[in-house]
Amino acid sequence: MGFISVFDVIGPNMVGPSSSHTAGAASIALLARKMIGGNIKKVVFTLYGSFAKTYRGHGTDRALLGGILGFDTDNLNIKDSFELAKEAGIEYEFKTNEKETEVHPNTVDIELWNDEDLSLTVRGESRGGGKVMITRINEVEVEFTGEYSALITIHKDKPGVVANITKCLSDCNVNIAFMRLFREDKGATAYSIVESDEKIPKKVLDEIKENQYVQNVMLVQI
Amino acid sequence: MDFKDGVSLLALCEQNQMKISDVMREREISMTDASLEEINERMAKALSIMQDAVHKPLSEPLSSIGGLIGGEASKLRQMRRGGKSICGTILSKSITHAMAVLEVNASMGLIVAAPTAGSAGVVPGLLLALQEEYSLSDEHLIDGLFTAGAVGYLIMRNATVAGAQAGCQAEVGAASAMAAAAAVEIMGGTPAQCLNAASTAIMNLLGLVCDPIAGLVESPCQSRNAMGVSNALCCAEIALSGIEQAIPFDEMVETMYKVGRSIPFELRETALGGCAATATGCQKTCQIFHS
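Residues numbered from 1 in each chain as written. Chains lettered and ligands numbered in written order. Predicted model: local features only at pLDDT ≥ 70, side-chain atom pairs only at ≥ 80, totals over all residues.

Another point: the sheet that holds strand β9 (residues 178-183) of chain A. Residues and elements named next belong to chain A. Taken in spatial order, the four strands of this open sheet run β9-β10-β8-β11, and their pairing is antiparallel. For this open sheet the edge positions go to β9 and β11 (214-220), each flanked by a neighbour on one side alone. The sheet shows a mean angle of 15° between the axes of neighbouring strands, direction not considered. In terms of strand pairing, strand β8 (residues 149-156) meets β11 through six bridges, oriented antiparallel. In the sheet register, isoleucine 154 faces β11, and the bridge partner there is asparagine 216. Strands β8, β9, β10 (189-196) and β11 of the sheet are contacted by helix α6 (residues 161-171), whose axis makes an angle of about 25° with β10. Docked against the sheet, helix α7 (residues 202-209) engages β8 and β11, running at close to 170° with respect to β11. (Pairing = 2+ DSSP bridges. Helix = DSSP H or I, 4+ residues; strand = E, 2+ residues; numbered from the N terminus. Axes fitted to C-alpha atoms, helices over the stretch in contact; angles between N-to-C directions. Contact = placed C-beta atoms within 7 Å.)

Structural data, given as structure tokens:
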């Protein structure tokens, strides 16, 4: 188990009514928004398990859309996120999937499209008390919490790519707290996720992108 | 500075002649990069959200998403002000505050999960009633919140605070233990008395199921917060009088977790059993989701 802060117990400060169904949902969507960057044009949410059954009564839908609008768990605008999303020109849709039961009870898939023609699918799980875990990016199973700054590199599964990522970080004096590697198949697309206690400077992204096998780099700052 | 259970927490208090709240502050500072000022400020912010949540439903009526609750805090205050309270000022205020926070929570207002949103009324309910009754400073209450945080952290670490895992005993039960310990410290009790109160609070609520009508954090959650705050007040009173608890805190946490895992699935936040499965509970569920 990770570190439990006093503010995990007396907190989060949040818009009600449920730490798992409201605060957790907003946090997952906010992480997804930070990952894709740019201006979001369209978002499709697919809800599973308890999320699918009770999302209306818990404001899970408003909280998810609120996260996409950049709202933190304690932002009272969450209540009005349907109207605010319309004003911001974001097209949104909610779907439920109650057939798939082999998932965590509070799971959501978020498909995003931004104005730079990028699309991204993120799966998040709300694990209780407002704590969340991102468990899938596009088709690859991953794990990160957003409690640390995260650098997510999408690249070909080739020798030297990871060494290059750590070198770029080291050159910029970034200390790695955790690093994990996930991949679709041998030689196919891989995801390297580096988590750090501190902010990761943007120039690290540009340097990592120079590697020929790197497809994209995403940065989620704390 | 870190501790993993009640025994090691009391040892740290003893060795350093510190209160639980100070040990919890030291732990936070040593385990994160935050300064004392930063964590005190952050806790002061939590306290101010709690104060707002307690007062908000008294001045403006709130309607919950599911429509099962709303207006309770105002009714309770009216009864007390009319001189008709049957449980005396401090208990009446504790209940009023606890139910107010759940009103705010159910209407998508701002609250502090303590330890969860569904149990968010208990800790502020008791602390703010004590503040009004005994003219305590905010600093006193912030100490109390760190003490409550220490107890909640131990329950989170060694058991769970999720209703889906261990029922309402893990949510309102944990909140009640946190509030009881905080009240004991604020009112001048020893660290051992704080954990005695927490242990009794868990003991009294052992086995409590999580059975929200329509799966919403409204009923019975709101009145269970009133019950949790009453229990906390009782347990603090018992501990402060010097009565010892038969079962140590760590063992109560462990057994709460064991009992929680033996609670049937239907009674762990699935809305398939208990109050949710009564004829009226089912009827209300239909009204809410199919109207």
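Structure's up, so let's keep going.
What follows concerns the interface of chain A and chain B. Residue-level contacts link 29 residues of chain A with 40 residues of chain B. Residues of the side of chain A that touches chain B, tallied by class, amount to 14 nonpolar, 12 polar and three charged. Pairing of strand β1 (residues 13-15) of chain A with strand β1 (residues 110-112) of chain B involves three bridges; the strand directions are antiparallel. Paired with Met14(A) across the strands is Ile111(B), a residue of β1(B). (Nonpolar A, V, L, I, M, F, W, Y, C, P; charged D, E, K, R; others polar.)

This part takes up unusual backbone geometry. As a rule of thumb, non-glycine residues mostly have phi less than zero, and peptide bonds are mostly trans rather than cis. Omega for the bond connecting Gly16(A) with Pro17(A) falls within 30 degrees of zero, at 10°, which places this linkage in the cis form. Along the chain, the position of Pro17(A) falls in the loop between β1 and α2 (19-36). Between Ala114(B) and the following residue, Pro115(B), the backbone shows a cis peptide bond with an omega angle of 0°. For Pro115(B), the position within the fold is in the loop between β1 and α6 (122-134). Look at Asn138(A): it is not a glycine, yet its phi comes out positive at around 50°. Of note, Asn173(A) is a non-glycine position whose phi angle comes to about 60°, a positive value. By the element assignment, Asn173(A) lies in the loop between α6 and β9. Judged by the 8 C-beta atoms lying within 10 Å of it, Asn173(A) falls in the exposed class. (Buried ≥ 20, exposed ≤ 12 C-beta atoms within 10 Å, placed from the backbone.)

All names here are of chain A. Looking at chain direction, strand β6 (residues 132-137) and strand β7 (residues 140-144) are connected through three bridges and run antiparallel. Counted as the bridge partner of isoleucine 137 is valine 140 from β7. The antiparallel hairpin formed by β6 and β7 contains two residues in its connecting segment, where asparagine 138 sits at a positive phi of about 50°.

So, on to the UniProt feature "domain: Serine dehydratase-like alpha subunit" (unreviewed entry) in chain B. Taking the UniProt record as the reference, the feature "domain: Serine dehydratase-like alpha subunit" (unreviewed entry) is found at residues 16-276 of chain B. Helix and strand shares over residues 16-276 of chain B are 66% and 1% respectively, and the end C-alpha atoms of the span are 49 Å apart. (UniProt positions renumbered as here; feature names shortened; annotations may be inferred.)

In this structure's numbering, the residues bearing the UniProt feature "domain: ACT" (unreviewed entry) are residues 150-222 of chain A. Across residues 150-222 of chain A, the secondary structure splits into 26% helix and 38% strand, with the terminal C-alpha atoms separated by 8 Å.

The end-to-end C-alpha distance of helix α2 (residues 20-31) of chain B is 16 Å, a good match for the 16 Å that 12 residues give at a rise of 1.5 Å each. Within the span of α2(B), buried status applies to Ile20(B), Ser21(B), Asp22(B), Val23(B), Met24(B), Arg25(B), Arg27(B) and Glu28(B). Check the buried side of α2(B) and you find it contacts α1 (6-9) of chain A together with α1 (6-16), α3 (36-59), α7 (138-158), α9 (168-186) and α10 (191-205) of chain B. (Expected span 1.5 Å × (residues − 1).)

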